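# Notes for the structure review
Here is how the chains run, residue by residue.
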Amino acid sequence: MSLKGKSYIVGAYEHPTRKAVDRSVAQLHADVALGALVDAGLSLADVDGYFCAGDVPGWSAPGIGPFSIVEYLGLNLRHLDTTESWGSAYVNHVEHAVQAIIAGKCRVALITLAGRPRAEAVNPDAQHGLVKDSAEFEFENPYRPVVTNVYGMVAKRHMYEHGTTSEQLAWIKVAASHHAQHNPNAMLRGVVSVADVLESPLIVDPLHRLDCCVVSDGGGALVVVHPDIARSLKRPLVTPIGAGYAVRQLNGGYFDILQSGGVRSGAAAYAEAGVEPTDIQYASLYDSFTITVLVQLENLGFCKPGEGGRFVADGGLISGVGRLPVNTDGGGLCNNHPANRGGMTKVIEAVRQLRGEAHPAVQVPNCRLALAHGSGGQLGGRHGSATLILERE
Amino acid sequence: MNEIREVSGINDTQTYWNAAALGTLLLKRCIGTGKVFHYPREHSPFTGGRTEWVEASGLGVIYSCSLSYRAKPNYCIAYIKLDEGPIMLSNVQHEDLTQIAIGKRVRVVFRPGIDGRPTPFFMLAD
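Residues numbered from 1 in each chain as written. Chains lettered and ligands numbered in written order. Predicted model: local features only at pLDDT ≥ 70, side-chain atom pairs only at ≥ 80, totals over all residues. Heavy atoms only, no water.

### Considering the overall build of chain A
Note the threshold: Per the convention used, a helix needs a DSSP run of H or I reaching at least four residues, while a strand needs a run of E reaching at least two, with both numbered from the N terminus. Atoms counted for the radius of gyration: C-alpha only. Globule rule: 2.2 Å times the number of residues to the power 0.38. Contact between two residues is taken to exist if any of their heavy atoms lie within 4.5 Å; hydrogens are not considered. The method behind every accessible area is Shrake-Rupley, applied with a 1.4 Å probe, and residues are considered shielded solely by the protein chains displayed. As used throughout, the charge tally considers Lys and Arg to be positive and Asp and Glu to be negative, leaving His and the chain termini uncounted. Here the site of a charge means atom NZ of a Lys, CZ of an Arg, CG of an Asp or CD of a Glu.
In terms of helices and strands, chain A carries 14 helices and 11 strands. Scaling as 2.2 N^0.38, a compact globule of 393 residues should have a C-alpha radius of gyration of about 21 Å, and chain A matches this with 19 Å. Considering only C-alpha atoms, chain A reaches an extent of 55 × 50 × 40 Å along its principal axes. Long-range pairs, those at least 24 residues apart, make up 76% of the contacts in chain A between residues at least 6 apart in sequence. Here chain A has roughly 13400 Å² of accessible surface; of this, 52% comes from carbon and sulfur atoms. Looking at chain A, you have 32 positive and 38 negative side-chain charges, and the mean spots of the two groups are 3 Å apart.

### A look at the pattern of salt bridges
Residues and elements named next belong to chain A. Condition: Basic side-chain nitrogens of Lys or Arg form a salt bridge, by our definition, when they fall within 4 Å of a carboxyl oxygen of Asp or Glu. Accessible area is worked out with a 1.4 Å probe on protein chains only. A residue is then buried under 20% of its type maximum, exposed over 50%, and partly exposed in between.
According to the stated counting rule, one finds 20 salt bridges over all chains in the structure shown. With its nearest N and O atoms 3.2 Å apart, the salt bridge here joins R18 to E14. Here R18 matches E14 in class, with each residue buried. A salt bridge links R157 to E161; the nearest nitrogen and oxygen atoms lie 2.8 Å apart. You can see R157 and its partner E161 sitting in helix 6 (residues 147-162), 4 residues apart, about one turn around the helix. The network of salt bridges with shared partners includes E14, R18, E349 and R352.

### A closer look at the interface of chain B and chain A
Operational definition: Joining two parts hides part of their accessible area as seen by a 1.4 Å probe, and the buried area is that hidden amount summed over both. We call two N or O atoms a polar contact when they sit within 3.5 Å, provided that within protein one can donate a hydrogen and the other can accept it, with sequence-adjacent residues counted only if both atoms are side-chain atoms. Basically, the charged four are Asp, Glu, Lys and Arg, the nonpolar ten are Ala, Val, Leu, Ile, Met, Phe, Trp, Tyr, Cys and Pro, and anything else, Gly included, counts as polar.
Tallying the contact residues gives 40 residues for chain B and 33 residues for chain A. Carbon and sulfur atoms make up 60% of the area that chain B and chain A hide from each other, which totals about 3200 Å². Counting the contacts that link chain B with chain A gives 0 salt bridges. Across the chain B-chain A interface, the total number found is 18 residue pairs in polar contact (both at pLDDT 80 or more). Of all elements in the fold, only helix 1 (14-21), strand 2 (36-37), strand 4 (59-68), strand 5 (75-82), strand 6 (87-93) and strand 8 (118-124) of chain B reach the threshold of two or more residues within the side of chain B that touches chain A. Sort the elements by how many residues they give to the side of chain B that touches chain A and strand 4 of chain B lands first, with 6 residues. Of the residues contributing to the side of chain B that touches chain A, the split by class is 24 nonpolar, 10 polar and 6 charged.

### Brief notes about the packing of aromatic side chains
Given two aromatic rings, one states the distance between the centres and the angle between the planes to describe the pair. We count it as follows: In this scheme Phe, Tyr and Trp rings, the latter by its six-membered ring, pair at centre separations within 6.5 Å, and the angle between planes marks the pair as stacked below 30 degrees, edge-to-face above 60, and tilted otherwise. Think of it as a cone above the ring: NZ of Lys or CZ of Arg counts as a charge over the ring if it is within 6 Å of the ring centre and within 35 degrees of the ring normal.
For the structure on display, the rule yields 10 aromatic pairs over all chains. Ring plane angle 85° and centroid distance 5.5 Å describe the contact between Y143 of chain A and F121 of chain B, whose orientation is recorded as edge-to-face. Residue Y143 of chain A is located in the loop between helix 5 (137-140) and helix 6, and its partner F121 of chain B is located in strand 8; the two belong to separate chains. The pair Y143 of chain A / F121 of chain B is uniform in exposure class, with both members buried. Against the face of F311 of chain A rests R323 of chain A, its NZ or CZ located 5.7 Å from the ring centre. Over the ring of W86 of chain A we find R341 of chain A, and its NZ or CZ is 4.0 Å from the ring centre.

### Description of the sheet that holds strand 3 (residues 51-55) of chain B
Residues and elements named next belong to chain B. Our working definition: When DSSP finds two or more bridges between a pair of strands, those strands are recorded as paired.
Taking strand neighbours across the sheet as the criterion, the 3 strands line up as 2-1-3 in an open arrangement whose pairing is antiparallel. In this open sheet, the two edge strands, each paired with only one partner strand, are strand 2 and strand 3. Here strand 1 (residues 26-30) runs beside strand 2; their pairing, made up of 2 bridges, is antiparallel. Looking across to strand 2, one finds that K28 is bridged to F37.

### Considerations on the pairing of strand 6 of chain B
Residues and elements named next belong to chain B. Counting buried residues in strand 6 gives 6 out of 7 residues, a clear majority hidden from the surface. By the bridge criterion, 2 bridges tie strand 6 to strand 8 in an arrangement that is parallel. Bridge pairing in strand 8 links V92 to F122.

### A look at the environment of V194 of chain A
Residues and elements named next belong to chain A. Counting through the fold element by element, V194 comes out in helix 8 (residues 194-199). Judged by relative accessible area, V194 falls into the buried class, the value being 17%. As for V194 and L210, which are separated by 16 residues in sequence, their C-alpha atoms are 9.8 Å apart. Every residue in contact with V194, bar those within four places of it in the chain, is listed here: E167, A170, W171 and V174.

### Some points on the nonpolar core
Grouped burial of nonpolar side chains is what soluble globular proteins tend to show. Residues and elements named next belong to chain A. Which entries qualify depends on this criterion: Here the nonpolar core consists of buried residues drawn from Ala, Val, Leu, Ile, Met, Phe, Trp, Tyr and Cys, with membership extended through side-chain atoms lying within 4.5 Å.
If you look at the biggest cluster of nonpolar residues, it comprises 87 residues, and the most contacted ones within it are I291, L297, F302 and I389. Every residue in contact with F302, bar those within four places of it in the chain, is listed here: Y270, P277, I280, A283, L297, F311, L324 and L371. Counting residues in hydrophobic clusters, the runner-up holds 36 residues, among them A12, A97, A372 and L390.

### Some thoughts on the packing of helix 6 of chain A against helix 11 (residues 290-299) of chain A
All names here are of chain A. As a reminder, the rule being used: Whenever a helix is involved, its axis is fitted only over the stretch in contact; in every case the axis is a line through C-alpha atoms, and angles between N-to-C directions fall within 0 to 180 degrees. These descriptions rest on fixed angle ranges, namely under 35 degrees for roughly parallel, over 145 for roughly antiparallel, 65 to 115 for roughly perpendicular, and the rest for oblique. By definition, turning the near helix anticlockwise from the far helix through less than a right angle yields a left-handed crossing, and turning it clockwise yields a right-handed one.
For the pair helix 6 and helix 11, the least separation of the axes is 9 Å and the interaxial angle reads 55°. It follows that helix 6 is oblique to helix 11 by the angle criterion. For helix 6 against helix 11, the interelement crossing comes out left-handed. Here Y151, V154, A155 and H158 of helix 6 lie close against helix 11, whose contacting residues are I291, T292, L294, V295 and E298. The class makeup of the residues in the contact of helix 6 with helix 11 is 6 nonpolar, 2 polar and 1 charged.

### Quick look at the state of the cysteines
All names here are of chain A. The line we're drawing: Any two cysteine sulfur atoms within 2.5 Å of one another count as a disulfide.
Taken as a whole and assessed by the stated rule, the structure comprises 0 disulfides over all chains. A disulfide-free cysteine, C303 has its sulfur positioned 19 Å from the sulfur of C367, the nearest such atom. Look at C303 and you get buried, because its relative accessible area is 11%. C334 carries a free sulfur, and the closest cysteine sulfur to it, the one in C213, is 10 Å from it. Take C334: its relative accessible area is 1%, and that puts it in the buried class.

### Describing helix 11 of chain A
Along helix 11 of chain A, 10 of the 10 residues are buried, which leaves the element largely enclosed by surrounding structure. Looking at the residues trailing helix 11 of chain A, positive phi occurs at G301 of chain A, about 85°.

### With respect to the packing of helix 3 (residues 89-102) of chain A against helix 14 (residues 343-355) of chain A
All names here are of chain A. Where helix 3 meets helix 14, the closest approach of the two axes is 6 Å, and the angle between their N-to-C directions is 60°. Regarding the angle of helix 3 to helix 14, the classification is oblique. Along its contact with helix 3, which presents Y90, V91 and V94, the element helix 14 presents G343, M344 and V347.

Right, dumping it as structure tokens:
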């Protein structure tokens, strides 16, 4: 049954910084929380539900981080959700906020993400590395899997099975750069060509430097509220109508590297929303790497398996030009990938599109139905996938 | 299998490394389904039931691979589809890493790993 009309996203805010030299992680959380509440026309005192993940300061002290940030922000809660599913968390949190509102556990849900890996010069590979006390550690760590080479194996297999080319993957970056030129806050605003991508250094086979997302600071926040509150505010009515979550695990060594969790999270979201991929007018797709977008386009049903390369080529994802406008803020590839967790900005740009508040150069005309998809973990390994479908009433 | 020292309890995966030290790749088999799986664990991830160790042939085919150019020396991570069925993460070693490709046959070789202990890697089987 559709979630339509059971809750509304009334606040969405993306921190303008991309390098937070003079802001702490806690300050960034406060910046985005207050930004989203101002956007909604609400205040801290209205918040009775809070959703956060492992990016909150103090997380490494088990259980303490969420309480610490709740106190720092000054929240008085009835409901707390600390689902940690990395980059997919914030898409996942929207679904959890909807469920909590439907269940009467809260009426104003705040979701925040913040981090400063760029200012701290954190190596993403180190941050995403295998954890020593995980069961797979001793069987994988000797082989030095890092973020880049595990994604590289996905791209390599896609090329092997479907004849996908580096040129086709490069078009995903080209589209992102076309969008980012209109975003004054984007970390990389320069338009790039397919040749620029192919001439950038190979990081791992077959991914070039420009196939990889940025490392940026900042964050974002969302406010999801009960329908009664939404109608009392002056914001456009954007309602989640379907959501899905799935974990792709390696199943004892029996898995298809090209089948991400998006296959199941997408199917669940479409079923709940009662819509088809062809109904979607705008999509925010996780773009940690170009290959991430390609696999999600296929797994979410925007094209058939193996056709992703042709789908994205020749500007297929450029707003106003292509088949499906994707990541019109410039995405993680050009705009922002705060705290190495992309899910939050995916929802924010979808909300902008549905409100008609995207940059005029990339705004989808009369955008009423959008999809946001986040993924956490590694596309070529175990990961979680979260799909959210939003409608403008 | 006689010479492989089997370990049970909290350090049960040590059996795998004891075998590796003797040049044998061990896999786990789900007794209920007969399906061989990797990485090893005490229970079957398919049924929750009992498992047993089996000796692998050490042969397989490259399911996917990726060469890391920034690491010095370069290395090639790979998923190996073992002849027994499961896909296993490893490295393929070859003097010319550009010869490594999906679909090529590989066989296991034991060399010192990150911590110095004999560890299963793979090389092109020709």
